[in-house]
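This is what each chain is made of:
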Amino acid sequence: MTTLFDPIQAGDIALSNRIAMAPLTRNRAPGGVPTAAMAEYYGQRASAGLIIAEASQISPMAQGYLDTPGIHSPEQVAAWRQVTAAVHAKGGRIVLQLWHVGRISHSSLLPGGAAPVSPTAVAAKAHTFTAEGFVPVSTPRALGDDEIPALLEDYRRAARNAIEAGFDGVEVHGANTYLLEQFLRDSVNDRSGPYGGTIENRARLLLEVVRTVAAEIGAGRTGLRLSPTTTFGGSAPVDSQAQALYGYVVQQVASLGLAYLHVIEGETGGARQPEGAPAFDYAALRRAFPGTWIVNNGFSRSEALQAVASGATDVVAFGRPFIANPDLVRRLREDAPLNPLRADKLYGGGAEGYTDYPTLDAVAA
């Protein structure tokens, strides 16, 4: 029987176990440049079968929060190398999540105070974190069809930069109501033309991005993250034809030979089946995708063990448990107690609540 602790091949990436560290924004990259503390943080968690490093903006216009890292400048590439080196030195594997936030941004974070871009010119009902604290997001402008080629080039360049920085691959962030999912959903995408209207048109941008990235670095080093029923606190309601929409997307990427598909079940950080929300058949997506399948969203140890043993998934991604437990893989294997999370230290700051969580060995000493 397959267990959570067995190795698996995800495309071109060999994983030592089936436990992934989910991408976790920590806002500890001043000026968008990764730091030595980030190298320590990720190196501490290298026992994960796969680390999916925090979402990183593909261009200056892709940023949505203060002090999140980028992957678009030579300085960022050089700084990320110390992170990947730290993980590889401990035998780990790490990919980088490629991020464009779309309308979940504020003009103060963007070059020249520009308006964010999105499929729509309608502002999201959401807040973001800036130098002035949490503020409502800015009203976006609708991205022109003629601007899509430049956007695809940003993704292509970011993927190449990630490989040059030493990452084992990348994950295209098509989830959490950011730009690519804004194009996907009819609750946000109100445009006409080749990128609006039908399911096929609304999915066009995401599919073009995935194909562009896969062509640049290889499909076996390219993953994709989806979140069919996440609403980001209601700022992007679920698509009116969610099952058909995400079924179409998975069908289209199924033949590409991607490293994996990473699916958030339910509301990010909330219930996997929120009360009153329409049911969604994640298993149908799983059956349509022949590659490595990663599930995410609040799985307990027992749920993760059962999900892998039953074949419901190949890999389980853990988020907050990895923040508080750098040796989470060992703790899951031994069924050891977990450190409590210090929620007030999640975003920004220094070592406290970042690199100072104790391992089992440290506690025993």
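The rules behind these values
Residues numbered from 1 in each chain as written. Predicted model: local features only at pLDDT ≥ 70, side-chain atom pairs only at ≥ 80, totals over all residues. Heavy atoms only, no water. Helix = DSSP H or I, 4+ residues; strand = E, 2+ residues; numbered from the N terminus. Rg over C-alpha atoms; globule rule 2.2 N^0.38 Å. Buried < 20%, exposed > 50% of the residue type's maximum accessible area, 1.4 Å probe, protein only. Contact = heavy atoms within 4.5 Å. Areas by Shrake-Rupley, 256 points an atom, 1.4 Å probe, with all protein chains shown as cover. Lys, Arg positive; Asp, Glu negative; His and termini not counted. Charge placed at Lys NZ, Arg CZ, Asp CG, Glu CD. Phe/Tyr/Trp six-rings, centres within 6.5 Å; stacked < 30°, edge-to-face > 60°. Lys NZ or Arg CZ within 6 Å of the ring centre and 35° of its normal. 1 Å grid on protein atoms, 1.4 Å probe; cavity = no way out; pocket = protein on both sides within 12 Å on 5 of 7 lines; lining within 4 Å. Points joined across faces, edges and corners; volume = space filled by probe spheres on them. Nonpolar A, V, L, I, M, F, W, Y, C, P; charged D, E, K, R; others polar. Polar contact = N/O pair within 3.5 Å; in protein donor to acceptor, adjacent residues only side chain to side chain. Axes fitted to C-alpha atoms, helices over the stretch in contact; angles between N-to-C directions. Parallel < 35°, antiparallel > 145°, perpendicular 65-115°, else oblique. Left-handed = near helix turned anticlockwise from the far one by under 90°. Pairing = 2+ DSSP bridges. Arc of directions from axis to C-beta.

1. Looking at the overall build of the protein chain
- Within the protein chain one finds 12 helices and 14 strands.
- The globule rule puts the C-alpha radius of gyration for 365 residues at 21 Å, and the 19 Å found for the protein chain is close to it.
- Along the first, second and third principal axes, the C-alpha set of the protein chain runs to 60 × 45 × 40 Å.
- Looking at the protein chain as a whole, 57% of its 365 residues are labelled buried.
- Summarising the internal contacts of the protein chain: among those between residues at least 6 apart in sequence, 71% fall at separations of at least 24.
- Of the roughly 13,500 Å² of accessible surface on the protein chain, a fraction of 54% belongs to carbon and sulfur atoms.
- Mean positive and mean negative side-chain charge positions of the protein chain (30 and 35 charges, respectively) differ by 3 Å.

2. Considerations on the packing of aromatic side chains
- Under the counting rule described, the total for this entry stands at 12 aromatic pairs.
- With centroids separated by 4.9 Å and ring planes inclined at 70°, the aromatic side chains of Tyr41 and Tyr42 adopt a geometry described as edge-to-face.
- Classification of Tyr41 by relative accessible area gives buried; the value is 0%.
- Members of the aromatic cluster, each reached through a chain of ring pairs, are Tyr65, Trp99, Tyr178 and Phe232.
- In this structure, Arg342 packs its charged tip against the face of Tyr357, placed 4.3 Å from the ring centre.

3. Quick look at the layout of surface pockets
- Taken as a whole, the largest pocket spans an internal volume of roughly 1,100 Å³.
- Lining the largest pocket are 41 residues, and of these Leu24, Thr268, Gly269, Arg320 and Tyr347 lie nearest its centre.
- Counting only elements with at least two residues in the lining of the largest pocket, the list comes to strand E5 (94-99), strand E14 (315-318), helix H10 (320-324) and helix H11 (328-334).
- Looking at the lining of the largest pocket element by element, the count peaks at 3 residues for H10.
- Looking at the lining of the largest pocket residue by residue, the class counts come to 21 nonpolar, 15 polar and 5 charged.

4. With respect to the side chain of Arg286
- By secondary structure assignment, the location of Arg286 is in helix H8 (residues 282-288).
- In this structure the side chain of Arg286 is engaged in a polar contact, spanning 3.1 Å, whose partner is the backbone oxygen of Ala312.
- Among the polar contacts listed, one links the side chain of Arg286 to the side chain of Asp314, at a separation of 3.1 Å.
- For Arg286, the residues in contact, after removing those within four places along its chain, are Gly291, Trp293, Gly311, Ala312, Thr313 and Asp314.

5. A closer look at the packing of helix H1 (residues 36-44) against helix H2 (residues 74-89)
- The geometry of H1 relative to H2 is characterised by a closest axis approach of 8 Å and an angle of 25° between their N-to-C directions. Here H1 is positioned roughly parallel relative to H2, judged by the angle of their axes. Seen from above, H1 lies across H2 with right-handed handedness. Of H2, the residues touching H1 (which contributes Ala36, Met38, Ala39, Tyr42 and Gly43) are Trp80, Gln82, Val83, Ala86 and Val87.

6. What about the pairing of E14?
- Here E14 shows no split at all, with Val315 and Ala317 on one side and Val316 and Phe318 on the other all buried.
- Taken together, the 3 bridges between strand E3 (residues 19-21) and E14 define a ladder with parallel strand orientation. Residue Ala20 lies in a different strand from E14, and its bridge partner there is Ala317.
- Pairing of strand E13 (residues 292-296) with E14, which is carried by 3 bridges, proceeds in the parallel orientation.

7. Notes on the packing of helix H6 (residues 204-217) against helix H7 (residues 242-253)
- One can describe the packing of H6 onto H7 by two numbers: an axis separation of 11 Å at closest approach and a directional angle of 25°. Overall, the two elements H6 and H7 adopt an arrangement that is roughly parallel. In this structure, H6 meets H7 at a crossing whose hand is right-handed. Mapping the contact onto sequence places Leu206, Leu207, Val210 and Arg211 in H6 and Tyr248, Val249, Gln252 and Val253 in H7.

8. Overview of helix H9 (residues 301-310)
- Along H9, the residues classified as buried are Ala304, Ala307 and Val308. Buried residues of H9, seen end-on, are gathered within an arc of 90° and therefore sit on one face of the element. In H9, the exposed positions that point more than 90 degrees away from the buried face belong to Ser302 and Gln306.
- Its buried side turned inward, H9 meets E14.
- At the C-terminal side of H9, Gly311 shows a positive phi close to 85°.

9. Overview of the environment of Glu200
- If you trace the backbone, Glu200 turns up in helix H5 (residues 199-202).
- By relative accessible area, Glu200 is classed as partly exposed at 39%.
- Considering only alpha carbons, one finds Glu200 and Glu132, 68 residues apart in sequence, at a separation of 40 Å.

Spatial relationships are all this shows, so hold off on functional conclusions.
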